[in-house]
Every structure is written in C-alpha cells, then in structure tokens.
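Here is how the chains run, residue by residue.
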Amino acid sequence: MIKAIRISKNYVVSEYEYLKFIEQMTDKDLLKMLGLYDRTITLTLEDEIAIIQTTSQVTTEGGRGSLKINLKWNTYDDLDLHVIDPDNVEIYYRNKASECQGIIGLLDVDANASNLTKVPQENIFWEEGKNAPLGRYKVFVEYFAKKDDVEEVPFTVTIYPQRGISKVFTKKVRNVKERLDIVEFDYTENGISYITAY
C-alpha cells in the first residue's frame, strides 16, 4: 500500500516522492520550508571576533559572587537573560531571585526594559562567600522587544565561574520573541564543566 502525503491544499504526492524531494533539499531550503530560515543566523569567525570586540569595551556590571553569567549587546533593543538553576527554577526579569541549595541567585542588572541605553547588560550571579549551587544549569536569551532600527542584534554571554574556565558565547538574534539556547553546564565541587554549547 502506497501512502499519500498532502503537501498543500490541492497537491498530494506519494511517500516515496516526498522523501526523494526532502533528500534533495539543502539545509537552507528545508529551514525556509519550515519557516525557520529567518531565525537561523550562522556566525563566521570574523563575526564572533567583531561581537566580542564591541561588547568587551564595556565594563562588566553587576555582582560577581561564586558564579556570574553576564549578557552584553549594543542596541536599544530589550534582550533578556534567563538561567535555569539546578532546582529547575528559572531566574529572569519576572523571577529575579531564587534560593537553590541555600544559596541566592539574583538578576541584579536588567537593561532596556524602560531606561534605554546603547551599552545594555543583564547579569545573574550567586551570592559571594558560598559555592554556587551544584548541578546542571541552562542559559538562554530571549529577544523581548524591538526598540532600535537594526536587522539583527549581536550579543555575548560570558560565564564567570569561581572555579574553572570562563567562556564567552557569541550569537545574533533577529526575531522578536525568539529564544536562543546558549549553553548547558554542570557546576561541581571541582568547578565548571561545559556540556552543550548551542
């Protein structure tokens, strides 16, 4: 029995024809067909260097603590930093503080929600003098609101662990309400271990 697949209101093809069609598509064509192409931005090494150079000229704000995650960009747009802690609690603009394993995580810098700046940052950190909560963290950024006349917003997210290696992640976001996963990492008594960078 041959399966039929409806690909539009008036067009039906066999499963075999459909699979052959999909196999011949480039990744770009497939992303366009799924409506995801405009959301996918590939960065070259030169792009990444330019983004880091732009954001690194701005002094990093916010608390340091035992673990610090900082977002920087250079437009009036409103980007939001989100971190899911080991207790699976999300720290972000609607939940600025969370206690995990007896340690407070805090969003202490939240830029471009109202007072606009061209050198915005967001910062989440875990209190000084205590080890950051142990376990898995997930970091993502949401393009909350467009407030500038630019096609895309380049940004960096920097992880500053008390123990282990700091890392900088560079991305660009284009669509309002788009959410970009940045990194997952484990924080242990021995320090940080990066699991997945997106």
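Our structure's up above, just so we're on the same page.
Quick caveat: nothing in here was measured; it's all calculated off a predicted structure.

Procedures and definitions
- Within each chain, residues carry numbers counting from 1 in the order of the written sequence.
- Side-chain atom pairs in this predicted model are given and counted only at pLDDT of 80 or more, local residue features only at pLDDT of at least 70, and totals for whole chains, interfaces and linings cover all residues.
- Derived side-chain values reflect all non-hydrogen atoms in the structure, with water molecules and hydrogen atoms excluded from consideration.
- The way it works is that DSSP assigns letters per residue, a run of H or I at least four long becomes a helix, a run of E at least two long becomes a strand, and they are numbered from the N terminus.
- Buried residues are those whose accessible area, probed at 1.4 Å on protein chains only, stays under 20% of the maximum for their type, while exposed residues exceed 50% and partly exposed ones sit between those limits.
- Residues are treated as being in contact if the distance between any of their heavy atoms lies within 4.5 Å.
- For the accessible areas, the method is Shrake-Rupley and the probe is 1.4 Å, while residue cover comes only from the protein chains on display.
- For two strands to count as paired, DSSP must find a minimum of two bridges between them.
- Lines fitted to C-alpha atoms define the axes here, with helix axes fitted over just the stretch in contact, and angles between the N-to-C directions of these axes take values from 0 to 180 degrees.
- What makes a salt bridge here is a side-chain nitrogen of Lys or Arg within 4 Å of a carboxyl oxygen of Asp or Glu, nothing more.
- Working definition: a ring pair exists when centres of Phe, Tyr or Trp rings (six-membered ring for Trp) sit within 6.5 Å. Plane angles under 30 degrees give stacked, over 60 give edge-to-face, the rest tilted.
- As used in this structure description, the phrase polar contact means that two N or O atoms lie within 3.5 Å; if the pair is within protein, one of them must be able to donate a hydrogen and the other to accept it, and residues adjacent in sequence are counted only when both atoms belong to side chains.

### Some remarks on the overall build of the protein
And step 1. Secondary structure summary: the protein contains three helices and 13 strands in total.
And step 2. Counting across all 198 residues of the protein, residues that qualify as buried make up 38%.
And step 3. For the protein, restricting intrachain contacts to residue pairs at least 6 apart in sequence, the fraction spanning at least 24 positions comes to 64%.
And step 4. When the accessible surface of the protein is summed, it comes to about 11200 Å², and 50% of that surface belongs to carbon and sulfur atoms.

### Focus: the pairing of strand β11 (residues 167-173)
And step 1. Counting buried residues along β11, five of its seven residues qualify, which places the element largely inside the surrounding structure.
And step 2. Note: strand β10 (residues 153-161) against β11, seven bridges, orientation antiparallel. When the sheet's bridge partners are listed, Thr-158 is paired in β11 with Val-168.
And step 3. A loop of five residues connects β10 with β11, the two strands running antiparallel in sequence, and Gly-164 in this loop sits at a positive phi of about 115 degrees.

### Some points on the sheet that holds β11
And step 1. The strand order across the open sheet built from six strands is β6-β7-β8-β3-β10-β11, with neighbouring strands paired in antiparallel fashion. The sheet is open, and its two borders are formed by β6 (97-100) and β11, each paired with just one other strand. Along the sheet, successive strands turn relative to each other by an average axial angle of 15 degrees, direction set aside.
And step 2. Note that strand β3 (residues 67-73) and β10 share seven bridges and pair antiparallel. The partner of Leu-67 across the bridge, within β10, is Pro-161.

### Looking at the sheet that holds strand β12 (residues 179-188)
And step 1. Taking strand neighbours across the sheet as the criterion, the five strands line up as β5-β4-β9-β12-β13 in an open arrangement whose pairing is antiparallel. If you trace the sheet from one side to the other, it starts and ends with β5 (90-91) and β13 (191-197), each paired once.
And step 2. Here strand β4 (residues 78-84) runs beside strand β9 (residues 135-145); their pairing, made up of seven bridges, is antiparallel. For Asp-78, the partnering residue across the bridge sits in β9 and is Ala-145.

### Considering the pattern of salt bridges
And step 1. Considering all chains together, one arrives at nine salt bridges under this definition.
And step 2. Here Lys-118 and Asp-148 are joined by a salt bridge, their closest N and O atoms 3.0 Å apart. In this pair, Lys-118 sits in the loop between β7 (103-110) and β8 (121-126) while Asp-148 sits in the loop between β9 and β10, placing the two residues 30 residues apart along the sequence.
And step 3. For Lys-118, a relative accessible area of 38% puts it in the partly exposed group.
And step 4. Arg-136 serves as the salt-bridge partner of Asp-186, at 2.5 Å between the closest nitrogen and oxygen. Taken as a pair, Asp-186 in strand β12 and Arg-136 in strand β9 lie far apart in primary sequence, 50 residues in all.
And step 5. With a relative accessible area of 18%, Asp-186 lands in the buried category.
And step 6. Using a relative accessible area of 40% as the deciding quantity, one classes Arg-136 as partly exposed.
And step 7. Linked by salt bridges that have partners in common, Arg-136, Glu-184 and Asp-186 make up one network.

### Notes on the packing of aromatic side chains
And step 1. Within this structure, the stated rule accounts for six aromatic pairs.
And step 2. Aromatic side chains Tyr-92 and Tyr-93 sit 5.2 Å apart centroid to centroid with 80 degrees between the ring planes, which places their arrangement in the edge-to-face category.
And step 3. A centroid spacing of 4.9 Å and a plane angle of 10 degrees characterise the contact between Tyr-137 and Phe-185, whose relative ring orientation is stacked. One end of the pair, Tyr-137, is in strand β9; the other, Phe-185, is in strand β12, with 48 residues separating them in the sequence.
And step 4. With relative accessibility at 0%, the residue Tyr-137 sits in the buried group.

### Points about the environment of Thr-75
And step 1. Inspection of the secondary structure assignment puts Thr-75 in the loop between β3 and β4.
And step 2. For Thr-75, a relative accessible area of 4% translates into the label buried.
And step 3. Through-space distance from the C-alpha of Thr-75 to that of Phe-155 is 9.5 Å; in sequence the pair is 80 residues apart.
And step 4. In contact with Thr-75, other than residues within four places in its own chain, are Asn-112, Thr-117, Lys-118, Pro-120, Asp-148, Val-150 and Val-153.
And step 5. Separated by 2.8 Å, the side chains of Thr-75 and Asp-77 make a polar contact.

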